[in-house]
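Analysis of the macromolecular model
Letter by letter, the chains look like this.
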Amino acid sequence: MGSSDHEVILTYFVPVHKKGSRSEAKNNRSICLLFVGSKVLEEIIAERLTSQLDSQHLLSPRQFGFRMGRSAADLNLLLTNDWSNALDQGRRTAILALNIAGAFDRVARNRREWRLAGAAEGLPG
């Protein structure tokens, strides 16, 4: 095995500070820096796995996240249609929306605001 064989799976996890104390893990977001070979391999595996799951009908038809040809807009249309039909039929309909704190935290777009750990030293910034 040459040294390039190991580079395919090598990954750097870089913590980026969000807020609060830097010593608490919940206040840092991990960013994964992969080598190109890892990204290509991941894409191949994901494509084959998804194809297998689809061909065996192992995914719910109501699974919209991370599926080709399905979007959040498609899900909203489906749900709105289901709710409208239920109301038209006189059925009780309840809708619960949750806002999960931190689910969509942003990573600073401006590189000057990023605080990278020592693991990122020497990487292009």
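Residues numbered from 1 in each chain as written. Predicted model: local features only at pLDDT ≥ 70, side-chain atom pairs only at ≥ 80, totals over all residues. Heavy atoms only, no water.

So, on to the overall build of the protein. Each helix and strand counted, the protein has three helices and two strands in total. The helix and strand sequence of the protein, counted from the amino end, reads α-β-β-α-α. Here the protein holds 125 residues, and 7% of them are scored as buried. Long-range pairs, those at least 24 residues apart, make up 34% of the contacts in the protein with a sequence separation of at least 6. Per element, the accessible surface of the protein, about 11,000 Å² overall, is 56% carbon and sulfur. (Helix = DSSP H or I, 4+ residues; strand = E, 2+ residues; numbered from the N terminus. Buried < 20%, exposed > 50% of the residue type's maximum accessible area, 1.4 Å probe, protein only. Contact = heavy atoms within 4.5 Å. Areas by Shrake-Rupley, 256 points an atom, 1.4 Å probe, with all protein chains shown as cover.)

Next up on the list: the packing of aromatic side chains. Going through the model one piece at a time under the given rule, you end up with zero aromatic pairs. The ring of Phe64 is capped by Arg70, whose NZ or CZ atom sits 5.3 Å from the centre of that ring. (Phe/Tyr/Trp six-rings, centres within 6.5 Å; stacked < 30°, edge-to-face > 60°. Lys NZ or Arg CZ within 6 Å of the ring centre and 35° of its normal.)

Before going further, it helps to examine the confidence of the model for the protein. Mean pLDDT over the protein works out to 75, with 71% of the residues at or above the 70 mark. Of the regions scoring below 50 in pLDDT, residues 109–125 engages in 20 contacts with residues more than four places distant in sequence or in other chains. (pLDDT = per-residue confidence, 0-100.)

Here the focus is helix α3 (residues 72–88). The terminal C-alpha atoms of α3, which comprises 17 residues, lie 24 Å apart, in line with the 24 Å expected from a rise of 1.5 Å per residue. Positive backbone phi, at 75 degrees, marks Gly90, one or two positions downstream of α3. (Expected span 1.5 Å × (residues − 1).)

With a phi close to 55 degrees, His57 is a non-glycine residue in the positive phi region. Tracing the chain through its elements places His57 in the loop between α2 (36–55) and α3. The exposure class of His57 is exposed, given its relative accessible area of 69%.

Another point: a nonpolar patch on the surface. Judged by side-chain polarity, Tyr12, Leu33 and Phe35 come together as a nonpolar surface patch covering roughly 230 Å² of accessible area. Following the sequence through the fold, Tyr12 ends up in strand β1 (residues 11–17). (Patch = residues over 30% accessible without salt bridge, like charges linked within 9 Å, V, L, I, M, F, W, Y side chains within 5 Å. Salt bridge = Lys/Arg side-chain N within 4 Å of Asp/Glu carboxyl O.)

Right, let's talk about the pattern of salt bridges for a bit. Using the criterion set out here, one finds three salt bridges in the structure. Linking Lys26 and Glu24 is a salt bridge whose minimum nitrogen-to-oxygen distance equals 3.9 Å. Looking at Glu24, the relative accessible area reads 37%, which means it is partly exposed. In this structure, Arg67 engages Asp54 in a salt bridge whose closest nitrogen and oxygen atoms are separated by 3.0 Å. Taken together, the positions of Arg67 in the loop between α2 and α3 and Asp54 in helix α2 put the pair 13 residues apart, joining distant regions of the chain. In this structure Arg67 comes out as buried when scored by relative accessible area, which is 16%.

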